[in-house]
Amino acid sequence: MGAGTWGDHPWTDSLVRRIPGSTTIRYEGPGHVLYLSGNRCAIKHATRYLTDLELPPAGTVCLPEQEPGR
């Protein structure tokens, strides 16, 4: 499983496609270190993979979470 932001997802996807049966998460926002970003969607999918070896569905996209008051 791989995860990439809007700027680096094409490279992440290109690498992960070389591993049969693997998938990626595309994060529609900037940044690095998605697991530490606080984005619940990205963290949920990464944790599910790390603990249960369950891959996210192909084409999974996580959106930036809106800050309170916006």
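Quick caveat, the model's predicted, so the values are computed rather than measured. (Residues numbered from 1 in each chain as written. Predicted model: local features only at pLDDT ≥ 70, side-chain atom pairs only at ≥ 80, totals over all residues. Heavy atoms only, no water.)

Trainee: Can you walk me through helix H1 (residues 9–16) in this structure?
Mentor: Along an α-helix, a turn takes 3.6 residues, which lines up residues three or four apart on a common side. For H1, the full list of buried residues reads His9, Thr12 and Val16. On an axial view of H1, the arc spanned by its buried residues comes to 65 degrees, and they lie on one face. Turned more than 90 degrees away from the buried face of H1, the exposed residues are Trp11 and Leu15. Here the buried face of H1 lies against strand S1 (2–5) and strand S2 (24–27). (Buried < 20%, exposed > 50% of the residue type's maximum accessible area, 1.4 Å probe, protein only. Helix = DSSP H or I, 4+ residues; strand = E, 2+ residues; numbered from the N terminus. Arc of directions from axis to C-beta. Contact = heavy atoms within 4.5 Å.)

Trainee: Would you mind showing me how to read the sheet that holds strand S3 (residues 60–62) here?
Mentor: Backbone-to-backbone hydrogen bonds join strands into a sheet, with any given pair of strands oriented parallel or antiparallel. Strand order in the open sheet made by the three strands is S1-S2-S3, with parallel pairing throughout. The open sheet is flanked by S1 and S3, the only strands paired with a single partner. Neighbouring strand axes in the sheet, compared pairwise and without regard to direction, differ in orientation by 25 degrees on average. The sheet contact formed by S1 and S2 spans four bridges and is parallel. Among the inter-strand pairings, glycine 2 is bridged to a residue of S2, identified as threonine 24. (Pairing = 2+ DSSP bridges. Axes fitted to C-alpha atoms, helices over the stretch in contact; angles between N-to-C directions.)

Trainee: Which parts of the structure should I look at to understand the pairing of S2?
Mentor: When a strand is regular, its side chains alternate between the sheet's two faces. Running through H1, the crossover from S1 to the neighbouring parallel element S2 is right-handed. In the sheet, S2 pairs with S3 via three bridges, with the strands oriented parallel. Residue pairing across strands places isoleucine 25 opposite threonine 60, the latter belonging to S3. With helix H2 (residues 40–52) bridging S2 and the parallel S3, this β-α-β connection has left-handed handedness. (Right-handed = clockwise from strand over helix to strand, strands pointing away.)

Trainee: I'm lost on the nonpolar core in this one. Help?
Mentor: Buried together is how nonpolar side chains tend to be arranged in soluble globular proteins. Counting residues in hydrophobic clusters, the biggest one holds five residues: Ile25, Tyr27, Leu34, Ala42 and Cys62. Those residues within four positions of cysteine 62 in sequence are excluded, and the remaining contacts are Ile25, Arg26, Tyr27, Glu28, Asn39, Cys41, Ala42 and His45. (Core = buried A, V, L, I, M, F, W, Y, C linked by side-chain atoms within 4.5 Å.)

Trainee: Sorry if this is basic, but what is going on with unusual backbone geometry here?
Mentor: Glycine aside, residues mostly have negative phi, and peptide bonds are mostly found in the trans state. Of note in this structure, leucine 53 is not a glycine but carries a positive phi near 55 degrees. Turning to its location among the elements, leucine 53 is positioned in the loop between H2 and S3. In this structure leucine 53 comes out as exposed when scored by relative accessible area, which is 65%.

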